[in-house]
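Below, each chain spelled out in residue letters.
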Amino acid sequence: MTHYYISMVNLYIKKNHQLSVKHIVTCIVQYPTMAEFWCLLADIYYAANDYKRAYELYENAIILGQRRKQDSEWPMEISKYKEYPEKMMRSCMDLNKKTKVYLGNS
């Protein structure tokens, strides 16, 4: 869990996306069904304005969070693997619609 908190500090306080990714991936490798980790990884891409990638990672949070074992050593909060990622996926879709793409002189 130390890597999880280090990743949060790097994302939200230091604004260092690369270090944040490095630490959260370490967590995901060890606990792939923890939706919290997938949500934080998605938050990193969301902060970097990569809404397509963030959307996909929030989907992973929902899918893999539902597969988390009932006897997991870490307590599960429904909002962490269902409500929050769904809200953020809607936000990603809205932001993708608002983002203008310029194709040059066409």
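Residues numbered from 1 in each chain as written. Predicted model: local features only at pLDDT ≥ 70, side-chain atom pairs only at ≥ 80, totals over all residues. Heavy atoms only, no water.

Student: It is not clear to me how the side chain of histidine 23 should be interpreted in this structure. Could you clarify?
Tutor: With respect to the element layout, histidine 23 can be found in helix α2 (residues 17–30). A distance of 2.8 Å separates a polar atom in the side chain of histidine 23 from a polar atom in the side chain of histidine 3. The residues touching histidine 23, leaving out its near neighbours within four places in the chain, are His3, Ile6, Ser7 and Asn10. (Helix = DSSP H or I, 4+ residues; strand = E, 2+ residues; numbered from the N terminus. Polar contact = N/O pair within 3.5 Å; in protein donor to acceptor, adjacent residues only side chain to side chain. Contact = heavy atoms within 4.5 Å.)

Student: Please clarify how the packing of helix α4 (residues 51–65) against helix α6 (residues 83–98) should be interpreted in this entry.
Tutor: Interaxial distance between α4 and α6 falls to 9 Å at its minimum, and their mutual angle equals 160 degrees. In terms of axis orientation, α4 runs roughly antiparallel to α6. The hand of the α4/α6 crossing is left-handed. Seen from α4, the contacting residues are Tyr51, Lys52, Ala54, Tyr55, Tyr58, Glu59, Ala61 and Ile62; seen from α6, they are Tyr84, Pro85, Glu86, Met88, Met89, Cys92, Met93, Leu95 and Asn96. When grouped by side-chain class, the residues that make up the contact of α4 with α6 number 13 nonpolar, one polar and three charged. (Axes fitted to C-alpha atoms, helices over the stretch in contact; angles between N-to-C directions. Parallel < 35°, antiparallel > 145°, perpendicular 65-115°, else oblique. Left-handed = near helix turned anticlockwise from the far one by under 90°. Nonpolar A, V, L, I, M, F, W, Y, C, P; charged D, E, K, R; others polar.)

Student: What am I meant to see in the pattern of salt bridges here?
Tutor: In a structure, side chains of opposite charge can pair up when their charged atoms sit close to one another. Under the counting rule described, the total for this entry stands at two salt bridges. Taking the shortest distance from any N to any O, the salt bridge between lysine 52 and glutamate 56 comes out at 2.9 Å. Separated by four residues within a single helix, lysine 52 and glutamate 56 lie in helix α4, roughly one turn from each other. The class for glutamate 56 is partly exposed, based on a relative accessible area of 35%. Its salt-bridge partner being glutamate 86, residue lysine 82 comes within 2.5 Å of it at the nearest N-O pair. Taking the relative accessible area as the measure of exposure, lysine 82 reaches 32% and is therefore partly exposed. (Salt bridge = Lys/Arg side-chain N within 4 Å of Asp/Glu carboxyl O. Buried < 20%, exposed > 50% of the residue type's maximum accessible area, 1.4 Å probe, protein only.)

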